[in-house]
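Residues per chain are reported as follows:
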Amino acid sequence: MSKSGFMKDAVILFAITLISGFLLGGVYQLTKKPIEIATIKANNKAYKAVFNEAETFDPDDSLTAAVEACNTALATMNYGNVAVDTVLKANDANKNQLGYVIVSHSNDSYGGEVKISVGMKEDGTVTGIEFLTISDTPGLGLKAKEPDFKNQYTGKNAEALTVKKGGGAGETEINAISGATITSSAVTNAVNAALYFVHNCINQ
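Summary of the structure given here. Keep in mind it's a predicted model, so treat the numbers as computed, not measured.

Brief notes about the overall build of the protein
What the protein contains, in helices and strands, is 4 helices and 7 strands. Each helix and strand of the protein, placed in order from N terminus to C terminus, yields the pattern α-β-α-β-β-β-β-α-β-β-α. Taken across its 204 residues, the protein has 38% of its residues classed as buried. Across the protein, contacts joining residues at least 24 apart in sequence account for 56% of those joining residues at least 6 apart.

Here's what the structure looks like:
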């Protein structure tokens, strides 16, 4: 190939690459906002599911600042690989605070990460949990999403919860899913991370 032919091909390739880059950038900008809106709607639906009395879920600088210190403390606890991701104030229509919605996760579930939103009153009473991420086995770990399991957390108020095999869970216990104790423990420890935050990390 002649030098001029080589240069011509290089220019054409460069032009194609440049145009492709502009097109991809344009597509990203066009889809970025709708994706963000869809994500916010999905998250708000999960927040509303765990704190039905609240009308808005608002960030707070002091709560955000407390997350890092809380996660440092959680790393020394007996809850495995857990962390708090975000904390929002759960407010009524007049912006009166009712409690919190805490997004927390555990990386110890059978299918990897399990991420949940936890509604919690200011006194630490759980108002509900909802799953944001879970990739466990259908018919086993995925039973965690069923009301029979996740509704056990509603109304619980304790420093920490434990998992009980075989049924008959007490006030500070959660009945394990049969054949999915690992998942049950991971979910419970993600809830424990949220409980720890409310009981120990606010105004500390």
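Anyway, onward from the coordinates.
A word on the packing of aromatic side chains
In the structure shown here, the tally under the stated rule is 2 aromatic pairs. Relative to Tyr 153, the ring of Phe 149 has its centre 5.6 Å away and its plane inclined at 80°; by these criteria the two rings are edge-to-face. Per residue, the accessibility class of Phe 149 equals that of Tyr 153, and both read buried.

Observations regarding the pairing of strand 4 (residues 112-121)
Along a regular strand, successive side chains alternate from one face of the sheet to the other. With 9 bridges connecting them, strand 3 (residues 97-109) and strand 4 associate as antiparallel partners. Across the sheet, Tyr 100 pairs through a bridge with Met 120, a residue of strand 4. The turn joining strand 3 and strand 4, which pair antiparallel and follow one another in sequence, is formed by 2 residues.

Here we look at the sheet that holds strand 3
Sheet architecture is open: 5 strands sit in the order 1-2-3-4-5, paired in antiparallel fashion. Two strands lie at the open edges of the sheet, namely strand 1 (56-59) and strand 5 (126-133), each paired on one side alone. This sheet shows a mean twist of 30° between the axes of neighbouring strands, independent of strand direction. Across the face of the sheet, helix 2 (residues 61-74) comes into contact with strand 1, strand 2 (82-91) and strand 3 while running at roughly 155° to strand 2. Contacts from helix 4 (residues 181-201) reach strand 2, strand 3, strand 4 and strand 5, with the element oriented near 140° to strand 3.

A look at the environment of Ile 182
The residue Ile 182 is located in helix 4 in this model. Using a relative accessible area of 48% as the deciding quantity, one classes Ile 182 as partly exposed. Counting along the chain gives 71 residues from Ile 182 to Gly 111, while the straight-line C-alpha distance between them is 9.5 Å. With near-sequence residues (within four places) excluded, Ile 182 lies in contact with Asp 108, Ser 109 and Tyr 110.

Here is what the cut-offs are and how they apply
Residues numbered from 1 in each chain as written. Predicted model: local features only at pLDDT ≥ 70, side-chain atom pairs only at ≥ 80, totals over all residues. Heavy atoms only, no water. Helix = DSSP H or I, 4+ residues; strand = E, 2+ residues; numbered from the N terminus. Buried < 20%, exposed > 50% of the residue type's maximum accessible area, 1.4 Å probe, protein only. Contact = heavy atoms within 4.5 Å. Phe/Tyr/Trp six-rings, centres within 6.5 Å; stacked < 30°, edge-to-face > 60°. Pairing = 2+ DSSP bridges. Axes fitted to C-alpha atoms, helices over the stretch in contact; angles between N-to-C directions.

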